[in-house]
Amino acid sequence: MHKEKYGVTAQGERVDQFTLRNEQGMEVKIITYGGRITSLKVPDKNDNFEDVVLSFGSLEQYLEENPFFGALIGRYGNRIAKGKFSLDGQEYTLAQNNGVNHLHGGDKGFDKVVWKVKESTKPNSLVLSYISEHMEEGYPGRLETEVTYTLTEDNSLEVEYKATTDRKTIVNLTQHAYFNLSGDFANSILDHQVQVNADDFVPVDEDLIPTGEVAPVAGSPFDFSKTKALGEEINAAHEQLKRGNGYDHTWVINNPESGLRFAASALHPESGRLLEVYTTEPGMQLYTGNFLDGTLPLQYGKGYYEKRSGLCFETQHYPDTPNQENFPSVVLEPGEIYSSKTSFRFSVKA
């Protein structure tokens, strides 16, 4: 593992970048600001290694712009309606940083803090830790969080999350990498062949807050049970697609009781790069970069990140769960350990 200085925040905090490589030549770079993946180089069918995650070229850009490129998200990934929730009859108020709603942990979520580095007992791993104090961003409890990135010899990037609290709270952590398996970020991801292991998804209202129901994907543009091009139905005349400006929804991953299991895959036919996602989480947000608008400069080459130049597989619990009685719980009690694992497995399909 290689360590280098990446920059300094406005508050004078040093940010480091760590590089992990395996014997196959796969390489991942992660900075301590937001625990962000800044580069992920994987081979194509001709053994050409290219970066497949959207990123910036400097700390200053990460500090100024925030499409959550490559970031760890917490305390709560996704949206909470009107920035409010209740625990044991007490109401908590969070930042309304997405219209009237709360998104991805607030104004200073886990994507905007400098994580500490801990010694790892696993080979080719980076262990990051952060303590979120009681009532930080409005959340109760002193939350101690640890995230371990591991690059394996079979070209998998594993992300393991653990957290504990000193009082009852809510937790929903995820990773917000934007993938473009072509390796050329001037291309859109609409030609990626995608499969999602889900019979149902979570419909949303006009503010992208769940309606409270879970709907079958069968017969709708949300059916990825069989592999199809991401762009095949993304512009279909469907109310949910209009609300999300494309895909920006949570799929209910099948067999939630079976632990780490296949959630989704994406194949870029021309390069042969295949990404398979496995997770212990009950859901996964598929986001197709609908709010990228051509204003953020590409890290490599000339041009800008246009709409749908990257896709996200955000493994997580469902949005707005604290306000939805029928969704799997996100409550963490003192003495309990929040534990979650996601594996991004890369291979080549000739």
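## Section: the overall build of the protein chain
Then, in step 1: When its secondary structure is counted, the protein chain shows two helices and 29 strands.
Then, in step 2: For 350 residues, the compact-globule estimate of 2.2 N^0.38 gives 20 Å, and the C-alpha radius of gyration of the protein chain, at 19 Å, lies within 12% of that figure.
Then, in step 3: With respect to the three principal axes, the spread of C-alpha positions in the protein chain is 60 × 50 × 40 Å.
Then, in step 4: If you take every contact in the protein chain between residues at least 6 apart in sequence, the share linking residues at least 24 apart comes to 65%.
Then, in step 5: Here the protein chain displays about 14100 Å² of accessible surface, and carbon together with sulfur accounts for 44% of that area.

## Quick look at the packing of aromatic side chains
Then, in step 1: Tallying each qualifying case throughout the model produces 24 aromatic pairs.
Then, in step 2: On the numbers, 6.3 Å between centres and 35° between planes, the contact of Phe 185 with Tyr 300 is tilted. Of this pair, Phe 185 sits in the loop between strand 16 (174-176) and strand 17 (193-196) while Tyr 300 sits in the loop between strand 25 (296-297) and strand 26 (304-305), and the two are 115 residues apart along the sequence.
Then, in step 3: Judged by relative accessible area, which is 38%, Tyr 300 ranks as partly exposed.
Then, in step 4: With centroids separated by 6.4 Å and ring planes inclined at 40°, the aromatic side chains of Phe 201 and Trp 251 adopt a geometry described as tilted. Of this pair, Phe 201 sits in strand 18 (residues 198-202) while Trp 251 sits in strand 21 (residues 248-253), placing them 50 residues apart in sequence.
Then, in step 5: Residue Phe 201 is classed as buried on the basis of its relative accessible area of 3%.
Then, in step 6: One aromatic cluster is present, formed by Phe 56, Tyr 62, Phe 69, Tyr 178, Phe 185, Tyr 287, Phe 291, Tyr 300 and Tyr 305 through successive ring pairs.
Then, in step 7: When the ring centre of Phe 224 is taken as reference, the NZ or CZ atom of Lys 228 above it lies at 4.4 Å.
Then, in step 8: A cation over an aromatic ring shows up here: Arg 345 above the ring of Tyr 278, its NZ or CZ 3.7 Å from the ring centre.

## Examining the side chain of Thr 342
Then, in step 1: For Thr 342, the location among the structural elements is in strand 29 (residues 338-348).
Then, in step 2: Judged by its relative accessible area of 0%, Thr 342 is buried.
Then, in step 3: There is a polar contact of 2.6 Å between the side chain of Thr 342 and the side chain of Thr 315.
Then, in step 4: Every residue in contact with Thr 342, bar those within four places of it in the chain, is listed here: Leu 157, Glu 158, Val 159, Val 277, Tyr 278, Thr 279 and Thr 315.

## Overview of the pattern of salt bridges
Then, in step 1: Following the criterion strictly, the structure yields 19 salt bridges and no others.
Then, in step 2: A salt bridge links Asp 16 to Lys 3; its shortest N-O distance comes to 3.8 Å. In this pair, Asp 16 sits in strand 2 (residues 14-21) while Lys 3 sits in strand 1 (residues 2-8), placing the two residues 13 residues apart along the sequence.
Then, in step 3: Relative accessible area serves as the criterion here: at 10%, Asp 16 is assigned to the buried category.
Then, in step 4: Between Asp 16 and Arg 14 there is a salt bridge, with the nearest N and O atoms lying 2.6 Å from each other.
Then, in step 5: Look at Arg 14 and you get partly exposed, because its relative accessible area is 43%.
Then, in step 6: Via salt bridges that share partners, Lys 122, Glu 158, Glu 160 and Lys 341 belong to a single interconnected network.

## Points about the side chain of Asp 248
Then, in step 1: Mapped onto the secondary structure, Asp 248 falls in strand 21.
Then, in step 2: A polar atom in the side chain of Asp 248 sits 2.9 Å from the side chain of Gln 285.
Then, in step 3: Setting aside residues up to four positions removed in sequence, Asp 248 forms contacts with Arg 79, Leu 208, Gln 285, Leu 286, Tyr 287, Asn 290 and Phe 291.

## Notes on the sheet that holds strand 19 (residues 215-216)
Then, in step 1: Here we have five strands laid out as an open sheet, ordered 19-18-21-24-27, and antiparallel in their pairing. Edge positions in the sheet fall to strand 19 and strand 27 (312-316), since each has one partner strand and no second.
Then, in step 2: The sheet contact formed by strand 21 and strand 24 (residues 283-287) spans five bridges and is antiparallel. Its bridge partner lying in strand 24, Trp 251 is registered against Met 284.

Reading guide: rules and limits
Residues numbered from 1 in each chain as written. Predicted model: local features only at pLDDT ≥ 70, side-chain atom pairs only at ≥ 80, totals over all residues. Heavy atoms only, no water. Helix = DSSP H or I, 4+ residues; strand = E, 2+ residues; numbered from the N terminus. Rg over C-alpha atoms; globule rule 2.2 N^0.38 Å. Contact = heavy atoms within 4.5 Å. Areas by Shrake-Rupley, 256 points an atom, 1.4 Å probe, with all protein chains shown as cover. Phe/Tyr/Trp six-rings, centres within 6.5 Å; stacked < 30°, edge-to-face > 60°. Buried < 20%, exposed > 50% of the residue type's maximum accessible area, 1.4 Å probe, protein only. Lys NZ or Arg CZ within 6 Å of the ring centre and 35° of its normal. Polar contact = N/O pair within 3.5 Å; in protein donor to acceptor, adjacent residues only side chain to side chain. Salt bridge = Lys/Arg side-chain N within 4 Å of Asp/Glu carboxyl O. Pairing = 2+ DSSP bridges.

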